[in-house]
Each structure stands twice: as structure tokens, then as C-alpha cells.
Amino acid sequence: MKMVKKEDLPREKLARLGAAELTLVEILTLLISSGFANHSAEDLANKLVQSVSGDLSVLARYNLFDFKKLPGIGTAKAALLVASLELGRRRQIYESSSKFVVRNSVDAYEVIKPYLADLIREEFWVFHLNRASSVVLAEKLSIGGVSGTTVDIRLLFKSALERLTSSIILAHNHPSDQMWPSSSDIELTKQVMEAGRLFDIDVVDHLIVGASTFYSFADNGKLN
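The name given to the chain in an unreviewed UniProt entry is DNA repair protein RadC, with the source organism recorded as Aquirufa novilacunae. Quoted straight from UniProt, the Sequence similarities (unreviewed entry) entry for the chain says "Belongs to the UPF0758 family."

So this is what it looks like as C-alpha cells:
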């Protein structure tokens with residue numbers, strides 16, 4: 001049995017050095033809190049990290065069911081882990097909303113990523129911009145499956161007109177992380193752009209979002 005000095009246990013280490021000095025296993029050990037049978041909380045944390053090969057982007061997509069697949073993690077522990085991940089995601093959303101001006105696709109991705117990057121099914125969002133190119137509203141328009149979603153263009157522009165939106169950024173995610181747009185993605189973008197011209201609402205970009213990367217219609221000349 002491995003002996004660990006008390007000051008090196010996760011809780012004591014956090015108090016002594018701060019949370020930033022904890023390893024991923026130590027953070028998960030604190031969240032899991034207790035083990036079962038002959039398995040400690042640290043053992044469960046190690047197994048959890050191994051199950052995602054240490055990839056936080058994979059862990060961020062875990063739901064209650066995923067966590068409960070690991071022996072020793074029941075509903076209560078799984079709920080705490082999911083809530084912790086959601087708290088981190090909401091912090092990202094809060095921080096991204098403070099980016100006042102969207103100047104290019106990278107800025108847009110920084111704003112949009114927290115909303116879409118960790119989802120396991122496809123969603124379509126529209127981000128409303130004012131005349132200063134600041135995002136004033138992030139709006140989910142539809143939820144689909146793992147391979148697609150549909151969008152009602154009438155509802156999209158009803159919302160934009162009600163809010164006197166100057167321009168919009170379209171965004172949806174590909175849970176597969178395959179970033180190339182489908183023919184339906186391209187056709188939908190054309191339809192939205194055509195409708196936008198009628199209402200003098202510019203489509204600034206359409207982003208396809210993955211866990212760690214994105215595809216920009218504007219950067220690839222598909223908004224011409």
C-alpha cells in the first residue's frame with residue numbers, strides 16, 4: 001500500500017499550494033470523495049482519467065450515464081461530476097461574453113465554443129450582433145441527433161427582426177469532429193443569406209464547431 005504524507009493529500013495540498021497545483025487525478029479524487037470496497041477515491045479517479053486517455057475534451061462530454069459506467073460511481077457522485085463540468089462551461093460562456101468585438105472567425109469561435117464544443121448531439125445556434133459587432137444574444141434554434149439538425153429560417157429572422165439585429169453569425173457543431181460542411185450545411189447557409197438580404201441583416205459567418213477546432217464559411221470563401 002502506497003504511503004502518502006498528509007500534506008500531499010489532495011485536500012491538504014490544495015490548502016497549502018492552491019488548486020492550480022493539483023493534478024487532474026487529484027481534482028477528481030476530491031470530487032469523487034470516497035471509494036468503495038478495496039478501491040479508494042484516488043483509484044476511481046485514476047480509472048476515470050484512463051477511460052478518457054487523459055483527454056479533458058472527452059471528459060467534458062460525459063453525462064450521468066457515462067460516469068455511472070465506472071464501478072464505484074453512483075448517481076450522487078456522477079451528478080457532482082457533471083455539475084462541476086457544467087460550472088466550468090458556464091464560466092467559459094461568461095468570459096467569452098466579455099469579448100466585446102467580433103473582428104474575425106477566431107474571435108467568433110472563442111465566443112461560440114463554450115456553447116457548442118462539448119455537445120454529443122448536433123445543435124444549431126444563431127448569434128446576434130449589434131452595429132459595433134458585439135454579440136448581444138446567443139440563441140439556440142434547434143436540436144438534432146448525432147448527424148444533423150433542421151432550422152426554421154422564419155423563426156430565425158423573426159427573432160432577429162424583433163431584436164433589431166444588425167448582423168448574425170450562424171453556428172452548429174459536428175459531434176464527430178469532422179469539420180467539412182455537408183451539402184445541406186451549404187444549402188442552408190445560402191438560404192439564410194438570401195433571406196438576410198431582404199431584411200438587410202448580414203450573415204457575417206457560419207461556423208462548424210468541434211471539440212478543439214472549427215470551420216469558417218467566411219474564411220473558406222463560402223459566403224460570396
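Moving on from the coordinates now.
Chemist: What is the right way to read the nonpolar core from this model?
Modeler: One broad rule of soluble globular proteins: the nonpolar side chains tend to lie buried together. Ranked by internal contacts, the top residues of the largest apolar core, which has 20 residues, are Leu-156, Phe-157, Ile-168, Leu-170 and Val-192. Every residue in contact with Phe-157, bar those within four places of it in the chain, is listed here: Ile-168, Val-192, Ala-195, Gly-196, Phe-199 and Ile-201.

Chemist: Just checking my understanding: could you explain the packing of helix α8 (residues 153-162) against helix α9 (residues 183-199) for this structure?
Modeler: Angle between the axes and distance between the axes are the two parameters that describe a pair of packed helices. Contact geometry of α8 with α9 gives a least axis separation of 11 Å together with a crossing angle of 40°. At the point where α8 passes α9, the crossing takes the right-handed sense. Residues Ile-153, Leu-156, Phe-157 and Leu-161 of α8 lie in contact with α9, whose contacting residues are Leu-188, Gln-191, Val-192, Ala-195, Gly-196 and Phe-199. Classifying every residue of the contact of α8 with α9 by side-chain character gives 8 nonpolar, 2 polar and no charged.

Definitions and cut-offs
All residue numbers refer to position in the chain's written sequence, counted from 1. Local features in a predicted model are, by the rule used here, given only for residues with pLDDT of at least 70; side-chain atom pairs are given and counted only at 80 or more, and totals for whole chains, interfaces and linings are based on all residues. Values shown for side chains rest on all heavy atoms present in the structure; no hydrogens or waters enter the calculation. UniProt positions are given in the numbering used here, feature names are shortened, and annotations may be inferred rather than shown by experiment. Put simply, buried Ala, Val, Leu, Ile, Met, Phe, Trp, Tyr and Cys residues joined by side-chain atoms within 4.5 Å make one nonpolar core. The rule is simple: take the accessible area with a 1.4 Å probe, protein chains only, and divide by the maximum for that residue type; under 20% is buried, over 50% is exposed, in between is partly exposed. Residue contacts are counted whenever heavy atoms from the two residues lie within 4.5 Å of one another. For every element, the axis is a line fit to its C-alpha atoms; helices are fit only across the contacting stretch, and the angle between N-to-C directions ranges from 0 to 180 degrees. Under the scheme used here, helices are H or I runs from DSSP no shorter than 4 residues and strands are E runs no shorter than 2 residues, and both carry numbers assigned from the N terminus. In this scheme the crossing of two helices becomes right-handed for a clockwise turn of the near helix relative to the far one and left-handed for an anticlockwise turn of less than a right angle. Polar here means any residue other than Ala, Val, Leu, Ile, Met, Phe, Trp, Tyr, Cys and Pro, which are nonpolar, and Asp, Glu, Lys and Arg, which are charged; Gly is therefore polar.

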